[in-house]
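One letter stands for each residue in the lines below.
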Amino acid sequence: MKDELGLSEEAYGLAFSAFFWIYAPVQLFAGWLCDRFSVYRLMSIGILLWAGSTLLMGFAGGFASLLVLRTMLGVGESISFPGSSKIIARHVPPEGRGVANASVATGLALGPAIGTLAGGLILGQWGWRVIFLVFGIVTLLWLVPWRVTVRVLPTTGHHDGGAKVPVQALLRNWSLWSMSIVHALGNWCFYFLLAWLPLFLTKSRGFSIGEMTTLATLGYAVQGACALAYGHFSDWWTRSGRSEATCRRGMMIVSQLVSAGAILGLAFAHGAVAIGILLCLAGAATAALSLNLYAVAQMFAGPRAAGTWVGFQNALGNVSGIFGPIITGIVVQRAGYESAFILTAAVALTGAIWWWLAVPIIRQIELD
């Protein structure tokens, strides 16, 4: 796709970041909507736009159309995390919060795993355009079981009643700002691998499309398996009477340190075995990130404000999706892939320090 559309490294990074130009700020509005209107209907509308944008990307004729469709995709996807967090906070008690968020985190891993594997096979046979056509249609099919499922769900759940929480009441809390910053630090690393790993493996390390597909899929598969394991572990920890907050903070500090080490190792690894092991470690670390960022947000916000909180946190957290790919593209084009990996490892290390020192005591804030 990059070659056919004539995209440089900087243009590729710009096109990747275009998704976040609208995705990040719209999160603020999407989270507010989830706390005030039918979150189930909002999820359906978002998926319709999300799938349609994906399908139309198969007809992209150049940089401009790609840019427009990426921003449309951002609008569609903006409802996903505030919506899922609102539903979990509404229907799931604390002792089930780990597995519930782990299910979402597993989906976050299996999507790229299956997408990379299937996309690589489709690419080899029919080219990149067919990937978007197939994935757009498959995503639309999700609406059928979703509509069947939500018909039987109650509209309220655990302590979900009461007056709506004003946005300004949340903005006065350092907890929200601190979580938003650490979210951005974690996302920088996740989006770096998502955007640049295929190009790094094929252009810098000389792997074929098939070999790249296998290595990337391996990392995402480990991420999915670890997310489920972490979810069961954190729920067991909570049911045993131990502090859920201590568990989740500890998991995040360790995972960010592991992520920093794995990404730094990738900068200097060349063999398939070494790269595969490092990608597995990065996947295991990312699993903790995708599980705990939203679980901790739900702990801070509670059911009444989970949508608005996660919307704001995700908005600031995805600022790294706007600037990260652009900065990485500039670094890769001017200093090479090794420098980009070293920079990303430093960001991951900063995330570990932030979880240790800057995230306050994890408990539900006073909302009244």
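Above this note sits the structure.
Residue positions within a chain follow its written sequence, with the count starting from 1. Whole-chain, interface and lining totals are the exception, using all residues; otherwise, since this is a predicted model, local features are given only for residues with pLDDT of at least 70 and side-chain atom pairs are given and counted only at 80 or more. Neither water nor hydrogens contribute to the side-chain values; these are computed over all heavy atoms in the structure.

### Observations regarding helix 6 (residues 128-141)
Part 1 of the reasoning: Secondary structure elements are defined from DSSP: runs of H or I of at least 4 residues count as helices, runs of E of at least 2 residues count as strands, and each element is numbered from the N terminus. A helix is expected to span 1.5 Å multiplied by its residue count minus one. Here helix 6 spans 21 Å end to end across 14 residues, near enough to the 20 Å set by a 1.5 Å rise per residue.
Part 2 of the reasoning: Residues of helix 6 that are buried: Trp128, Ile131, Phe132 and Gly136. One side of helix 6 carries all its buried residues, which in axial view fall inside an arc of 120°. Facing away from the buried side of helix 6, by more than 90 degrees, are the exposed residues Val138 and Leu141.
Part 3 of the reasoning: Against helix 2 (39-56) and helix 5 (97-126) lie the buried residues of helix 6. Exposed residues in this analysis have more than 50% of their type's maximum accessible area, buried residues have under 20%, and partly exposed residues fall in between, with area computed by a 1.4 Å probe over protein chains only. The arc in question is formed by the directions pointing from the helix axis toward the C-beta atoms. We call two residues in contact when some of their heavy atoms are within 4.5 Å.

### As for the packing of helix 5 against helix 12 (residues 272-317)
Part 1 of the reasoning: Two elements in contact, helix 5 and helix 12, have axes whose closest approach is 8 Å; the angle formed by their N-to-C orientations is 135°. In terms of orientation, helix 5 lies oblique with respect to helix 12. Here the hand of the crossing between helix 5 and helix 12 comes out right-handed. For the pair helix 5 and helix 12, contact is made by Arg97, Gly98, Asn101, Ala102, Ala105 and Leu108 and by Ala287, Ser290, Leu291, Tyr294, Ala295, Gln298 and Met299, respectively. Here an axis means a line fitted to C-alpha atoms, over the contact stretch when the element is a helix, while the angle between two N-to-C directions is reported on a 0 to 180 degree scale. Angles below 35 degrees are treated as roughly parallel, those above 145 as roughly antiparallel, those between 65 and 115 as roughly perpendicular, and all remaining angles as oblique. Two helices that cross are described as forming a left-handed crossing if the nearer one is turned anticlockwise from the farther one by less than a right angle, and a right-handed crossing if clockwise.

### Describing a nonpolar patch on the surface
Part 1 of the reasoning: Residues Leu49, Leu56, Phe59, Val68, Met72 and Val75 make up a contiguous nonpolar surface patch of about 490 Å² in total accessible area.
Part 2 of the reasoning: Top element by residues in the nonpolar patch is helix 3 (residues 63-77). It accounts for 3 residues.
Part 3 of the reasoning: Looking at the secondary structure, you find Met72 in helix 3. Patch membership requires over 30% relative accessible area and the absence of a salt bridge. Like charges are linked within 9 Å, and nonpolar side chains (Val, Leu, Ile, Met, Phe, Trp, Tyr) within 5 Å. Here the Shrake-Rupley method, with its probe set to 1.4 Å, supplies the accessible areas, and only the displayed protein chains count as covering residues. Salt bridge, as used here: a side-chain nitrogen of Lys or Arg that lies within 4 Å of a carboxyl oxygen of Asp or Glu.

### Some points on the pattern of salt bridges
Part 1 of the reasoning: Inspection of every chain in the model, using the stated rule, returns 3 salt bridges.
Part 2 of the reasoning: Here Glu244 makes a salt bridge to Arg97, at a shortest N to O gap of 3.0 Å. Of this pair, Glu244 sits in helix 11 (residues 244-266) while Arg97 sits in helix 5, and the two are 147 residues apart along the sequence.
Part 3 of the reasoning: Taking relative accessible area as the criterion, Glu244 reaches 9% and is therefore assigned buried.

### Focus on the side chain of Gln27
Part 1 of the reasoning: Along the chain, the position of Gln27 falls in helix 1 (residues 9-34).
Part 2 of the reasoning: What qualifies as a polar contact is a pair of N or O atoms within 3.5 Å, subject to a donor-acceptor requirement within protein and to the restriction that residues adjacent in sequence count only when both atoms come from side chains. A distance of 3.0 Å separates a polar atom in the side chain of Gln27 from a polar atom in the side chain of Asn314.
Part 3 of the reasoning: Apart from residues no more than four positions distant in its own chain, Gln27 is found in contact with Glu77, Ser78, Pro82, Val310, Gly311, Asn314 and Ala315.

### Let's talk about the packing of aromatic side chains
Part 1 of the reasoning: Under the pairing criterion, centres of Phe, Tyr and Trp rings, with the six-membered ring standing for Trp, must be within 6.5 Å; the plane angle then separates stacked pairs below 30 degrees from edge-to-face pairs above 60, leaving the rest tilted. Counted by the stated rule, this structure contains 14 aromatic pairs.
Part 2 of the reasoning: Aromatic pair Phe81 and Tyr294: ring centres 4.7 Å apart, planes at 5°, arrangement stacked. Of this pair, Phe81 sits in helix 4 (residues 80-91) while Tyr294 sits in helix 12, and the two are 213 residues apart along the sequence.
Part 3 of the reasoning: For Phe81, a relative accessible area of 12% corresponds to the buried category.
Part 4 of the reasoning: Grouping aromatic residues by their ring pairs yields a cluster made of Phe192, Phe200, Tyr337 and Phe341.
Part 5 of the reasoning: Look at NZ for Lys and CZ for Arg. If either is within 6 Å of the ring centre and within 35 degrees of the ring normal, a charge sits over the ring. Lying over the aromatic face of Trp237, Arg242 brings its terminal NZ or CZ to 5.1 Å of the ring centre.

### A short note on the environment of Pro166
Part 1 of the reasoning: Here Pro166 is to be found in the loop between helix 7 (143-150) and helix 8 (167-171).
Part 2 of the reasoning: The partly exposed category is assigned to Pro166, whose relative accessible area is 36%.
Part 3 of the reasoning: Remark: the alpha-carbon pair of Pro166 and Trp356, spanning 190 residues in sequence, is separated by 29 Å.

### Notes on the side chain of Ser44
Part 1 of the reasoning: Along the chain, Ser44 turns up in helix 2.
Part 2 of the reasoning: The buried category is assigned to Ser44, whose relative accessible area is 9%.

### Let's talk about helix 13 (residues 319-335)
Part 1 of the reasoning: Here helix 13 spans 23 Å end to end across 17 residues, near enough to the 24 Å set by a 1.5 Å rise per residue.
Part 2 of the reasoning: All buried positions along helix 13 are accounted for by Ser320, Gly321, Ile322, Gly324, Pro325, Thr328, Gly329, Val331 and Val332.

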